Every structure is written in structure tokens, then in C-alpha cells.
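Descriptive structure summary
Each chain, letter by letter, is given below.
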Amino acid sequence: MYAWMWRQLPGPWPIRLLAALVLFAVVVVVLFVWVFPWLEPRLPFVDVTVDETGSASAPLQW
Amino acid sequence: MSSGHSFRVITRTVGELLVTAGVILLLFVGYQLVWTNVQADRAAAEHTRNLHDQWSATPDGPEFDVPIQNGDAFATMHIPRLGQNFEVPIVQGVSLANLAQGVGHYPETVLPGEIGNFSVAGHRATNGEPFAYLDQLRVGDSVIVETATTWYTYKVYEELIVAPTQVDVVYAVPGDANAQPEEALMTLTTCNPRWDSYERLIFHTRLASEQPKSSGRPPELQGA
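Residues numbered from 1 in each chain as written. Chains lettered and ligands numbered in written order. Predicted model: local features only at pLDDT ≥ 70, side-chain atom pairs only at ≥ 80, totals over all residues. Heavy atoms only, no water.

All right, on to the overall build of chain A then. A tally of regular secondary structure across chain A gives two helices and zero strands. Taken over 62 residues, chain A has a buried fraction of 24%. As displayed, chain A offers around 4,100 Å² of accessible surface, 77% of which is attributable to carbon and sulfur atoms. (Helix = DSSP H or I, 4+ residues; strand = E, 2+ residues; numbered from the N terminus. Buried < 20%, exposed > 50% of the residue type's maximum accessible area, 1.4 Å probe, protein only. Areas by Shrake-Rupley, 256 points an atom, 1.4 Å probe, with all protein chains shown as cover.)

So this is what it looks like as C-alpha cells:
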């Protein structure tokens with residue numbers, strides 16, 4: 001998979017390396033800005049309020 | 001194409017996917033344990049700085065900019081047991097966005113110093129985790145709320161561990177929906193155990209004293 005992706009990148013190896021690093025950085029940004037914040041309320045670390053549903057992702061009663 | 005070749009392609013791809021999953025999980029750990037704290041600490045520090053700037057500009061009040069909008073920081077909380085320099089802003093509302101900027105005030109509850117039960121929630125782990133070590137509080141400890149004009153010193157009188165649905169801890173009279181409040185209380189809620197949330201750690205406190213800002217810091221904070 002990664003060998004195949006490497007072959008799809010254009011140019012000599014330094015250019016390919018740069019392109020690969022940029023692609024990796026884009027993936028990290030997408031994860032940190034959209035994916036992880038979406039995932040966070042579905043995990044149990046951030047439930048700190050008392051409310052009638054017992055869940056932080058549900059509308060808070062209190 | 002031999003079957004040995006396609007077997008190698010499949011195992012290699014599965015292996016690469018597993019390594020990728022491992023890297024994503026590590027990134028998530030970094031996000032949750034480091035990045036949410038970096039962002040939340042930055043937001044909280046900015047709220048605290050803005051509040052103190054505003055308070056020193058208008059020392060005679062008003063105590064609060066009413067109406068307090070969702071997301072507004074309107075006071076700060078000092079907990080000497082957690083350090084002489086422990087200060088965290090109190091933000092209106094208890095959504096995750098609010099709690100990522102300080103501790104959150106349950107908007108249905110009264111304001112600091114008022115008769116009733118001023119109630120706040122804070123993270124025990126991640127997102128700034130202001131209440132990470134709240135379990136170190138003991139009965140008799142001071143929890144001090146600072147507003148534009150006033151220091152309110154509350155003293156812990158009860159520690160509880162309750163179910164997440166037990167909303168009566170933030171009632172004006174805790175545990176009694178119909179009672180008429182006669183005391184100024186403050187309740188702190190956070191998750192329990194730390195790193196999980198199948199219970200809530202609750203501290204009930206009672207207003208012990210209040211003093212205007214002009215008469216200096218309360219004795220519990222003299223060292224700061």
C-alpha cells in the first residue's frame with residue numbers, strides 16, 4: 001500500500017519525500033481538527049456534569 | 001500471478017493497515033492528553049487575564065456584566081489546597097465548549113454569594129483538567145471565588161460520590177427540590193473516577209465569609 005503510494009508520487013526522491021511529509025501533515029490536521037473532536041464526546045473522559053441523561057453528548061438538563 | 005505473490009500482497013497490506021491504526025491511536029492519545037490541555041490552558045489563561053484587566057479598569061463594579069451570556073467568563077476560582085497560584089476562570093454554561101475554557105457554571109443556578117446553590121463543573125482529565133486533583137480537597141478547605149468587586153470564601157462541608165444522573169446535588173437546597181434556600185452554597189462537580197465517568201465527584205461548600213476587593217486578599221491567599 002505505502003510502496004504503491006510512494007510510486008505514485010512524482011519526481012526524484014527528495015521531492016517524493018517532501019510530498020509524503022506534506023500528505024502526512026494534512027492527515028494529522030484533519031484528524032486533530034475534525035476527527036478527534038468528533039470522537040472525544042463519545043469517550044468517557046469528558047463527562048463531568050450531573051444531568052438527567054448521564055451523558056455529555058446529550059442535551060444538558062442542568 | 002502466483003498465489004504466493006497475492007498472499008504476500010495481502011499480508012503486507014493488512015500489516016500496513018494495522019501499523020496505520022496504531023499510529024492513529026497514538027496521535028489520538030497525543031491529542032487527548034496534550035493538545036486539548038494546551039488549547040484549554042491557553043483559553044483559560046486568556047479569560048483570566050481579560051477578567052483581571054477589566055476588573056482593574058473598573059474596580060467599583062458592576063460586579064457582573066449582566067446578562068451573563070453563555071460562554072462569558074465572569075469570575076475566577078481559587079483553591080489554596082491545589083496550590084497558592086491555582087486560579088481558573090468560571091465560564092457561563094456547562095457545554096463541552098464552555099468546559100474547555102475553564103470551569104463551567106450551571107446556568108440555572110445562582111451567582112456567587114447569592115442565597116441558593118452556585119454550582120460549577122470542571123474537567124477531571126483532559127481539556128485543561130482544572131479539577132484533576134479535586135479529590136485532595138478536605139472538609140473545611142476553602143474554595144474562593146473572585147469577582148470584579150468581591151472575594152467569596154466558601155468552606156467544604158461535604159464530599160459525595162454520586163450517579164451521573166443525580167441532579168439534585170445542584171438544587172438550591174441539595175437533595176430537596178421543593179425546599180426554600182436559606183444559605184449561600186456552592187457545589188463543585190467533576191467526573192469520577194479520573195479517566196472514566198461512571199460516577200460524579202461532588203463537593204458541597206458553604207459561604208463562610210465575603211470581603212470587598214478593596215480590603216485586600218483573603219487570608220487563605222495571602223501567600224500568593
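What follows covers the pairing of strand β8 (residues 199-212) of chain B. Residues and elements named next belong to chain B. With 12 bridges joining them, strand β6 (residues 150-162) and β8 adopt antiparallel strand pairing. Bridge assignment links Val 162 to a residue of β8, and that residue is Arg 200. Here strand β7 (residues 184-192) pairs with β8 via eight bridges, running antiparallel. Bridge assignment links Leu 188 to a residue of β8, and that residue is Phe 203. The turn joining β7 and β8, which pair antiparallel and follow one another in sequence, is formed by six residues; a positive phi near 75° is taken by Trp 195. (Pairing = 2+ DSSP bridges.)

Core analysis: the largest hydrophobic core is formed by 25 residues, its most contacted members being B:Met77, B:Ile90 and B:Leu188. The set of elements that each furnish at least two residues to this core consists of β1 (73-78), β2 (87-92), β4 (116-121), β5 (142-146), β6, β7 and β8 of chain B. Ranked by size, the runner-up nonpolar core spans 13 residues in total, among them A:Val50, B:Leu99, B:Val170 and B:Tyr171. (Core = buried A, V, L, I, M, F, W, Y, C linked by side-chain atoms within 4.5 Å.)

Quick look at the interface of chain A and chain B now. Contacts between the two partners involve 27 residues from chain A, matched on the other side by 40 residues from chain B. With both sides pooled, the region where chain A packs onto chain B buries about 2,900 Å², and carbon together with sulfur makes up 69% of that total. Along the contact surface separating chain A from chain B lie zero salt bridges. Our enumeration of links across chain A and chain B arrives at nine residue pairs in polar contact (both at pLDDT 80 or more). (Contact = heavy atoms within 4.5 Å. Buried area = accessible area lost by both parts, 1.4 Å probe. Salt bridge = Lys/Arg side-chain N within 4 Å of Asp/Glu carboxyl O. Polar contact = N/O pair within 3.5 Å; in protein donor to acceptor, adjacent residues only side chain to side chain.)

Tallied over the full model, the rule gives seven aromatic pairs over all chains. The interplanar angle of 85° and the centroid separation of 5.4 Å between the aromatic rings of A:Phe32 and B:Tyr31 together place this pair among those described as edge-to-face. Of the two residues, A:Phe32 is situated in helix α2 (residues 13-39) and B:Tyr31 in helix α1 (residues 3-57); the pairing between them involves two chains. Taken individually, A:Phe32 and B:Tyr31 each receive the classification buried, so the pair is uniform in this respect. Here the aromatic rings of B:Phe74 and B:Phe118 are separated by 6.5 Å at their centres, their planes lie at 75°, and the arrangement is edge-to-face. You can see B:Phe74 sitting in strand β1 and its partner B:Phe118 sitting in strand β4, a full 44 residues away along the chain. Under the relative-accessibility criterion, B:Phe74 is labelled buried at 5%. Ring pairs connect the aromatic residues A:Phe32, A:Phe36, B:Phe28 and B:Tyr31, which therefore count as one cluster. The ring of B:Tyr157 has B:Arg206 sitting right over it, with the charged end atom 4.0 Å from the ring centre. (Phe/Tyr/Trp six-rings, centres within 6.5 Å; stacked < 30°, edge-to-face > 60°. Lys NZ or Arg CZ within 6 Å of the ring centre and 35° of its normal.)

Residue and element names in this part refer to chain B. Summarising the sheet, β5 and β6 pair through five bridges and their orientation is antiparallel. By the bridge assignment, Glu 146 is partnered in β6 with Trp 151. Counting the residues that bridge the hairpin from β5 to β6 gives three residues.

Right, let's get into the pattern of salt bridges. Residue and element names in this part refer to chain B. In the structure shown here, the tally under the stated rule is six salt bridges over all chains. The partner of Glu 129 in a salt bridge is Arg 194, with the nearest N and O atoms 3.2 Å apart. Of the two residues, Glu 129 sits in the loop between β4 and β5 while Arg 194 sits in the loop between β7 and β8, which places them 65 residues apart along the sequence. Under the relative-accessibility criterion, Arg 194 is labelled partly exposed at 23%. Residues Lys 155 and Glu 220 are paired through a salt bridge, measuring 3.1 Å at the closest nitrogen-oxygen approach. Of the two residues, Lys 155 sits in strand β6 while Glu 220 sits in the segment after β8, which places them 65 residues apart along the sequence. A relative accessible area of 29% places Lys 155 in the partly exposed class. By relative accessible area, Glu 220 is classed as partly exposed at 22%.

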